[in-house]
Amino acid sequence: LSISSILATYVATERGFAARISLSNDFTYGPIYFVITQVIIVTYAYFAYGPESKGALTSNRFVANLLGIVVAMVLAVIPPGNWGGDPGHSRSMNRLHWNS
């Protein structure tokens, strides 16, 4: 946890004086989310499962990642333009706004 958090912060930090201001705009919030996710997973594993149950946590994260991939694949199959409702309502509101 310490090593990967240090690496993520080092890679995402600008060089020179800009390092005092903020993280790099090239990576946006990716490193912050990476570190926060690590902290949540490690503290959850320690307090919920205990330090001796690495296998249960590994299988839990594996299934969660696979489920996320499956959901992304299902959402990628939905054709563009299928908004789940009638877009005519939004179009009529836009026309009313622009014409008034």
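A short tour of the structure in this document, coming up.

The rules behind each value
Residues numbered from 1 in each chain as written. Predicted model: local features only at pLDDT ≥ 70, side-chain atom pairs only at ≥ 80, totals over all residues. Heavy atoms only, no water. Helix = DSSP H or I, 4+ residues; strand = E, 2+ residues; numbered from the N terminus. Rg over C-alpha atoms; globule rule 2.2 N^0.38 Å. Contact = heavy atoms within 4.5 Å. Areas by Shrake-Rupley, 256 points an atom, 1.4 Å probe, with all protein chains shown as cover. Lys, Arg positive; Asp, Glu negative; His and termini not counted. Charge placed at Lys NZ, Arg CZ, Asp CG, Glu CD. Axes fitted to C-alpha atoms, helices over the stretch in contact; angles between N-to-C directions. Parallel < 35°, antiparallel > 145°, perpendicular 65-115°, else oblique. Nonpolar A, V, L, I, M, F, W, Y, C, P; charged D, E, K, R; others polar.

### Some remarks on the overall build of the protein chain
The number of helices and strands found in the protein chain is 4 helices and 0 strands. Each helix and strand of the protein chain, ordered N terminal to C terminal, gives the series α-α-α-α. Taken over the C-alpha trace, the protein chain has a radius of gyration of 22 Å; the compact-globule value for 100 residues is 13 Å, which it surpasses by more than 25%. With the principal axes as the frame, the protein chain shows a C-alpha extent of 60 × 45 × 25 Å. Here the analysis covers contacts within the protein chain between residues at least 6 apart in sequence; of these, 30% occur between residues at least 24 apart. For the protein chain, the exposed surface amounts to about 8,500 Å²; the carbon and sulfur share of it is 68%. A gap of 2 Å separates the mean positions of the 6 positive and 4 negative side-chain charges of the protein chain.

### Digging into the packing of helix H1 (residues 2-12) against helix H2 (residues 30-49)
Across the interface, H1 lies against H2 with an axial gap of 9 Å and an inter-helix angle of 170°. Of the possible angle classes, the one that applies to H1 and H2 is roughly antiparallel. In this structure, H1 uses Ser 4, Ser 5, Ala 8 and Ala 12 to contact H2, whose residues at the interface are Pro 31, Phe 34, Val 35 and Gln 38. Among the residues forming the contact of H1 with H2, the class breakdown is 5 nonpolar, 3 polar and no charged.

### Focus: the side chain of Ser 5
Residue placement: Ser 5 occurs in helix H1. Residues in contact with Ser 5, not counting those within four places in the same chain, are Val 35 and Gln 38.

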